[in-house]
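# Chain and residue survey
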Amino acid sequence: MTHARLNGLDGLRGIAALSIVLIHVFADKFSNAYLAVDFFFMLSGYIMARTFEGRLAVGRLTPTTFIASRVRRLYPVVFVGCLIGMPWLIATSGDRAWIIAIACLTLLPIGRDDEMYRLNPPVWSIAYEILANALHGFVLARLSSRAVIFVTTILMAALIIATAGRGLGFVPTPGNRLATGLRTIVPYAIGVLLYRSWGDCPPFRIGPTLTWGMMPAVFLWGTFGLMWPGAFDYGFVIVCCPILIAGGLTNGATNRVAAFAGALSFPLYATHGPIVLAAKYMGFGWGRQLGAALCTGILVLSAQTLSSRANRWIGHRLARIPRAWASG
């Protein structure tokens, strides 16, 4: 079954990606913009259920094929981001550069705590999202919605216990892999449940002002210190993220700006880390850091688009060969 593109959700994806860039450029601002990652996890669960769960349920798509498709989709941009950051890594890490590079290129949490994903900090969330995809393919897709609700409730309680007093704004280390895994799978599973419950038609409508303004408002709220660590974070996941997805479904369906923002979101998210780190190392101000990150994301998106079009063109030409032989 072919699904129409949801530009409203694409626009929210773009806002979330830009929020993560801003928290890395302005280290002392947007202090709770890390919650954009949790929104990404929930949105991924929704989109994966929408796109693949039907085929997984009837056996038209195997879990291993599903996971392989996700790796093919995500890894090339991750590789480019790591490649871009190698000169900075070599200049700042000496003989430890190789182990840090291997950690990012393999998406594995190896090395010392301060080394994991140092080359490209956002890579941790991509690695854990692939693990969530695997759990979806092998487990969640086989469970009833009632069973997923039961499991997710237990996991949410475990997440609150594991992160009590600090909320969700922590950096993954070998010592908190369980908490990081829970932080990933809880919003992801909620996203799966949202699609099973709503499809593309949420039971309530959200206006465009709330849809496009909620995430920036929440992150500005945290910037001014008007937040409560822990409870605020859990509330964002349980309440705000579903509202945002409902708003994305009911707004921006034909918005080209939102569509472009969504297309740019992953190239920007997966490559900005090394760019910002290198720009700071060279003493660049925030404007040049932000400009370099945006330009790199656009260049990677352009390369992806050209590659995709070239592959389709070659595929069409190759498909004509058997027909030409048959007619000849």
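For the structure itself, consult the block above.
Below: a short report on this structure. (Residues numbered from 1 in each chain as written. Predicted model: local features only at pLDDT ≥ 70, side-chain atom pairs only at ≥ 80, totals over all residues. Heavy atoms only, no water.)

Moving on: the environment of Leu131. Relative to the helices and strands, Leu131 is located in helix H5 (residues 123-138). Taking relative accessible area as the criterion, Leu131 reaches 54% and is therefore assigned exposed. Along the primary structure Leu131 and Thr184 are separated by 53 residues, whereas in three dimensions their C-alpha atoms are 8.9 Å apart. (Helix = DSSP H or I, 4+ residues; strand = E, 2+ residues; numbered from the N terminus. Buried < 20%, exposed > 50% of the residue type's maximum accessible area, 1.4 Å probe, protein only.)

A full pass over the atoms with the stated rule returns 0 disulfides. Summary of cysteine pairing: Cys241 is not part of a disulfide, and the nearest cysteine sulfur, belonging to Cys240, is at 6.9 Å. We classify Cys241 as buried; its relative accessible area is 0%. (Disulfide = S-S within 2.5 Å.)

Take a nonpolar patch on the surface next. Residues Phe79, Val80, Leu83 and Ile84 make up a contiguous nonpolar surface patch of roughly 310 Å² in combined accessible area. Tracing the backbone through its elements, the reader meets Val80 in helix H3 (residues 63-93). The exposure class of Val80 is partly exposed, given its relative accessible area of 31%. (Patch = residues over 30% accessible without salt bridge, like charges linked within 9 Å, V, L, I, M, F, W, Y side chains within 5 Å. Areas by Shrake-Rupley, 256 points an atom, 1.4 Å probe, with all protein chains shown as cover. Salt bridge = Lys/Arg side-chain N within 4 Å of Asp/Glu carboxyl O.)

Our focus in this paragraph is the pattern of salt bridges. Opposite charge on two side chains makes pairing possible when the charged atoms of those side chains draw close. In the structure shown here, the tally under the stated rule is 5 salt bridges. Asp38 is paired through a salt bridge with Arg183; the nearest N and O atoms lie 2.9 Å apart. Within this pair, whereas Asp38 is found in helix H2 (residues 35-58), its partner Arg183 is found in helix H7 (residues 177-198), the two being separated by 145 residues in sequence. Across the salt bridge formed by Asp200 and Arg50, the nearest N and O atoms sit 2.8 Å from each other. Remark: Arg50 occurs in helix H2 and Asp200 occurs in the loop between H7 and helix H8 (208-223); sequence separation between them is 150 residues.

To continue, consider helix H1 (residues 7-25). In a regular helix each residue adds 1.5 Å, so 19 residues correspond to 27 Å; H1 covers 27 Å between its end C-alpha atoms and thus fits that length. Of all 19 residues that make up H1, 17 are buried, and the element is covered over most of its length. (Expected span 1.5 Å × (residues − 1).)

Let's shift gears to the layout of surface pockets. One number sums up the size of the second largest pocket: a volume of about 580 Å³. The wall of the second largest pocket is formed by 23 residues, among which His24, Pro121, Pro122, Trp124 and Val171 lie closest to the centre. Of all the secondary-structure elements, those providing two or more residues to the lining of the second largest pocket are H1 and helix H10 (256-281). It is H10 that provides the largest number of residues to the lining of the second largest pocket, a total of 5 residues. The residue inventory of the lining of the second largest pocket, partitioned by class, reads 16 nonpolar, 3 polar and 4 charged. (1 Å grid on protein atoms, 1.4 Å probe; cavity = no way out; pocket = protein on both sides within 12 Å on 5 of 7 lines; lining within 4 Å. Points joined across faces, edges and corners; volume = space filled by probe spheres on them. Nonpolar A, V, L, I, M, F, W, Y, C, P; charged D, E, K, R; others polar.)

These figures capture arrangement, not role.
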